[in-house]
Amino acid sequence: MVYRLAVVAVCLQVICSAALGLETPTVWRDPDTGCAYLLTPQGGVSPRFRRDGAPDCPDASAPSRFVDEAMRGLSEGLETLQREMERLRERFRGKAPAERLEEKT
């Protein structure tokens, strides 16, 4: 039992030693773009992300504005199509089936 406990303790120390050896990254903001990056003392660089998953940049919300406008346009087009279909349905609902056949020929 003591042997297993010792083996587990050594394994945990080996696994955690690499992670504990890393220093905390610092945040650096690029003066040209305004985007934030995480810099490690070991030389690693990675982009910093916001909580919503977007990059931490001043203009990161610009694509979402484009998507919002596109979705608004699509929904307006769909509403117009639905109104037109309803108008046609009301137009044909008032006629008898024989009248509809005469119109087609």
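Residues numbered from 1 in each chain as written. Predicted model: local features only at pLDDT ≥ 70, side-chain atom pairs only at ≥ 80, totals over all residues. Heavy atoms only, no water.

1. Quick notes on the overall build of the chain
Looking only at helices and strands, the chain features three helices and three strands. When its helices and strands are written in sequence order, the chain yields α-β-β-β-α-α. Burial analysis of the chain (105 residues in total) assigns 7% to the buried set. In the chain, once contacts between residues fewer than 6 apart in sequence are set aside, the share between residues at least 24 apart is 5%. For the chain, the computed accessible surface area is about 9200 Å², with 62% contributed by carbon and sulfur atoms. (Helix = DSSP H or I, 4+ residues; strand = E, 2+ residues; numbered from the N terminus. Buried < 20%, exposed > 50% of the residue type's maximum accessible area, 1.4 Å probe, protein only. Contact = heavy atoms within 4.5 Å. Areas by Shrake-Rupley, 256 points an atom, 1.4 Å probe, with all protein chains shown as cover.)

2. Quick notes on the sheet that holds strand β2 (residues 36-39)
One open sheet holds the three strands; their spatial order is β1-β2-β3, and the pairing between them is antiparallel. If you trace the sheet from one side to the other, it starts and ends with β1 (26-29) and β3 (45-47), each paired once. On average, adjacent strands in this sheet sit at an angle of 35 degrees to one another, irrespective of strand direction. As paired elements, β2 and β3 share three bridges and run antiparallel to each other. Bridging from a neighbouring strand, L39 pairs with V45 of β3. (Pairing = 2+ DSSP bridges. Axes fitted to C-alpha atoms, helices over the stretch in contact; angles between N-to-C directions.)

3. So, a nonpolar patch on the surface
Taken together, the side chains of F66, V67, M71 and L74 present a nonpolar region at the surface, about 450 Å² in accessible area. Considering the arrangement of structural elements, one finds M71 in helix α2 (residues 62-93). (Patch = residues over 30% accessible without salt bridge, like charges linked within 9 Å, V, L, I, M, F, W, Y side chains within 5 Å. Salt bridge = Lys/Arg side-chain N within 4 Å of Asp/Glu carboxyl O.)

4. Details of the packing of aromatic side chains
Tallied over the entire structure, the rule returns one aromatic pair. Above the ring of F92, the side-chain terminus of R91 is found at 5.4 Å from the ring centroid. (Phe/Tyr/Trp six-rings, centres within 6.5 Å; stacked < 30°, edge-to-face > 60°. Lys NZ or Arg CZ within 6 Å of the ring centre and 35° of its normal.)

5. A word on the pairing of β2
Relative to β2, β1 is paired through four bridges, and the arrangement is antiparallel. Paired with W28 across the strands is Y37, a residue of β2. Counting the residues in the hairpin turn of β1 and β2 gives six residues, including G34, whose phi is positive at 85 degrees. Taking the residues between adjacent antiparallel strands as the criterion, β2 and β3 are bridged by five residues, where G43 takes a positive phi near 105 degrees.

6. Notes on the state of the cysteines
This model, assessed by the stated rule, comprises one disulfide. The disulfide that involves C35 links it to C57, with 2.0 Å between the sulfurs. Handedness here is read from the sign of the S-S torsion; for C35 and C57, about 120 degrees, the answer is right-handed. One end of the pair, C35, is in the loop between β1 and β2; the other, C57, is in the loop between β3 and α2, and 22 residues separate them in sequence. One exposure class covers both C35 and C57, and it is buried. (Disulfide = S-S within 2.5 Å.)

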